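Fold and geometry: a report
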Amino acid sequence: MSAKLLKKFSDRCFSNLEEKERFLASFNSPAPLHPCILWCDDPPDPHPFAIEPREPWQPKRVDRLSIGEQPGKHPAHQRGAYYCLDFSSVFAASPLLTLPENVKVAIDVCAAPGGKSLLAWQLLHPQLLLSNEVVGKRLGTLVANLKRCQVSHFSPEERGAIATQLDPQRLAEYFPESADIVLVDAPCSGQSLLLKGKKVPGCFHPVTLNRNANRQKRIIGNAARLVAPGGYLLYMTCTYSVPENEGVCQWLQKHYPQFQPIEVAHLGAYQSHLGQFPCYRLWPQQGLGAGAFTALFQNRSSGQQSAISWEMLQECDRFFRE
Ligand SMILES: C[S@@+](CC[C@H](N)C(=O)[O-])C[C@H]1O[C@@H](n2cnc3c(N)ncnc32)[C@H](O)[C@@H]1O
């Protein structure tokens, strides 16, 4: 990581000197991140782990564990009792808590390894969860996680998931205006991954940011075409950059003006000071995770939700082929 580019970014983002110092300090001495789990079974009593106090927006099925807990090594993990994810992901997906449950169709456009799909499955109880992943190797991981975490295979008789490996443009052509909720957890410059000890070369470089912003615009534009009239689009990243995040949201509003940003009351305290519309940031200096961006949009156009063809679903499905 270039310390110069990080400093430049923080100069641009924070007029408050103290906030800027705290942001930079997160990189110089990263705080350990609390493990976090999403329960797929009902949590047992007694609880197998030491847990942290809850945040007001924390879904009931999510527990943030004390430092030192290793939920991935517990036998209940292999049994699929829960899925391990980071708390920033929970923050990003938390606008799902404001949406109607028991919807017909949820589509996760960028789904592997599966955290947001599992959150949508647990929080919204969709009839059909269509989890899509373009990268073949990652599709295998996604399907393995869905199966381990007890998500059944969809059929017209049974609520469940379908896994596809389609480019977002193809997805939009096959299933237009069909989804009550579409999730776009976009591939991004991944700046927050630095705080998880990962190497992310060039993640503050303007060329990287532009390349990612452009890729996200293509993905979110196609994702918008999947959303039924009245349905929702949730856009999330794990990066801090402004051309991604606020920039991509502004692009969406300009090119798809029927998509209105929706206020998420429980995230009011996290309103991004870098956007003039409802969108939310978790910063690393807030002490809850490495960071995330999230914005919820509603498709305000009028019309009917399109039905999904079972034949088309069967043709694309890779749930049992992985
Ligand atoms: C941030 S990750 C998704 C994480 C996942 N939602 C979760 O919660 O576990 C972004 C995903 O987008 C996929 N991706 C990369 N390029 C893409 C593209 N052009 N269109 C759609 N997805 C893409 C990546 O392979 C990656 O799996």
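If you're wondering where the values come from, they're calculated on a predicted model, not measured in any experiment.

1. Looking at the site of the ligand
- Near the ligand lie 17 residues; those nearest to it are Cys-110, Gly-115, Glu-133, Arg-138 and Asp-185.
- Within the side chain of Asp-185, an N or O atom sits 2.8 Å from a nitrogen atom of the ligand.
- If the ligand stood free it would expose 600 Å²; the protein chains cover 85% of that surface.
- Elements that contribute at least two residues to the shell around the ligand include exactly helix 5 (115-124) and helix 8 (206-226).
- Looking at the shell around the ligand residue by residue, the classes come out as 10 nonpolar, two polar and five charged.

2. A word on the packing of aromatic side chains
- On inspection of all chains with the given rule, the structure shows 21 aromatic pairs.
- Summarising the aromatic geometry, the rings of Phe-9 and Phe-23 are spaced 5.8 Å apart at their centres and angled 45° between planes, so their arrangement reads as tilted. One end of the pair, Phe-9, is in helix 1 (residues 3-13); the other, Phe-23, is in helix 2 (residues 17-28), with 14 residues separating them in the sequence.
- When the centroid spacing of 6.1 Å and the interplanar angle of 90° are considered together, the rings of Trp-57 and Tyr-270 count as edge-to-face. Linking Trp-57 in the loop between strand 1 (36-39) and strand 2 (62-64) with Tyr-270 in the loop between strand 9 (259-262) and strand 10 (280-282), this pair joins segments that are 213 residues apart in sequence. The burial state of Trp-57 is the same as that of Tyr-270; both residues are buried.
- Connected via pairs of aromatic rings, a cluster forms that spans Phe-9, Phe-14, Phe-23, Phe-27, Phe-204, Tyr-240 and Trp-283.
- The lysine or arginine in question, Arg-64, covers the ring of Phe-87, its NZ or CZ lying 5.1 Å from the ring centre.
- If you follow Lys-147 out to its NZ or CZ, it ends over the ring of Phe-319, 5.3 Å from the centre.

3. Comments concerning the sheet that holds strand 3 (residues 82-85)
- In spatial order, the strands read 2-1-3; together these three strands make up an open sheet with antiparallel pairing. With one partner strand each, in any of the chains shown, strand 2 and strand 3 form the two edges of the open sheet. Averaged over all adjacent pairs, the angle separating strand axes in this sheet is 25°, with direction ignored.
- Summarising the sheet, strand 1 and strand 2 pair through three bridges and their orientation is antiparallel. For Ile-37, the partnering residue across the bridge sits in strand 2 and is Asp-63.
- In the packing of helix 5 onto the sheet, the strands contacted are strand 1, strand 2 and strand 3, and the crossing angle to strand 1 comes to about 40°.

4. Considerations on the packing of helix 1 against helix 2
- Two elements in contact, helix 1 and helix 2, have axes whose closest approach is 10 Å; the angle formed by their N-to-C orientations is 150°. Taken together, helix 1 and helix 2 sit at an angle that is classed as roughly antiparallel. Remark: the crossing between helix 1 and helix 2 carries right-handed chirality. The segment helix 1 lies against helix 2, with Leu-6, Lys-7, Phe-9, Ser-10 and Asp-11 engaging Lys-20, Phe-23, Leu-24 and Phe-27.
- Its residues assigned to classes, the contact of helix 1 with helix 2 shows five nonpolar, one polar and three charged.

5. With respect to the pattern of salt bridges
- Taken as a whole and judged by the stated rule, the model has 10 salt bridges.
- Salt-bridge contacts for Arg-54 lead to Asp-63; the nearest nitrogen and oxygen are separated by 3.1 Å.
- The buried category is assigned to Asp-63, whose relative accessible area is 6%.
- Here Arg-218 ties to Asp-167 by a salt bridge, and the two come within 2.7 Å at their closest N and O atoms. One end of the pair, Arg-218, is in helix 8; the other, Asp-167, is in the loop between strand 6 (160-164) and helix 7 (168-174), with 51 residues separating them in the sequence.
- Looking at Arg-218, the relative accessible area reads 39%, which means it is partly exposed.
- Judged by its relative accessible area of 31%, Asp-167 is partly exposed.
- Connected through salt bridges with shared partners, the residues Lys-7, Asp-11 and Lys-20 form a single ionic network.

6. Topic: the packing of helix 8 against helix 9 (residues 246-255)
- Contact geometry of helix 8 with helix 9 gives a least axis separation of 10 Å together with a crossing angle of 40°. The pairing of helix 8 with helix 9 is recorded here as oblique in orientation. As helix 8 runs across helix 9, the sense of the crossing is right-handed. The residues of helix 9 that touch helix 8, namely those facing Ala-213, Gln-216, Lys-217, Ile-220, Gly-221 and Ala-224, are Val-248, Trp-251 and Leu-252.
- Split by residue class, the contact of helix 8 with helix 9 holds six nonpolar, two polar and one charged.

About the criteria used
Residues numbered from 1 in each chain as written. Predicted model: local features only at pLDDT ≥ 70, side-chain atom pairs only at ≥ 80, totals over all residues. Heavy atoms only, no water. Near = heavy atom within 4 Å. Polar contact = N/O pair within 3.5 Å; in protein donor to acceptor, adjacent residues only side chain to side chain. Areas by Shrake-Rupley, 256 points an atom, 1.4 Å probe, with all protein chains shown as cover. Helix = DSSP H or I, 4+ residues; strand = E, 2+ residues; numbered from the N terminus. Nonpolar A, V, L, I, M, F, W, Y, C, P; charged D, E, K, R; others polar. Phe/Tyr/Trp six-rings, centres within 6.5 Å; stacked < 30°, edge-to-face > 60°. Buried < 20%, exposed > 50% of the residue type's maximum accessible area, 1.4 Å probe, protein only. Lys NZ or Arg CZ within 6 Å of the ring centre and 35° of its normal. Pairing = 2+ DSSP bridges. Axes fitted to C-alpha atoms, helices over the stretch in contact; angles between N-to-C directions. Contact = heavy atoms within 4.5 Å. Parallel < 35°, antiparallel > 145°, perpendicular 65-115°, else oblique. Left-handed = near helix turned anticlockwise from the far one by under 90°. Salt bridge = Lys/Arg side-chain N within 4 Å of Asp/Glu carboxyl O.

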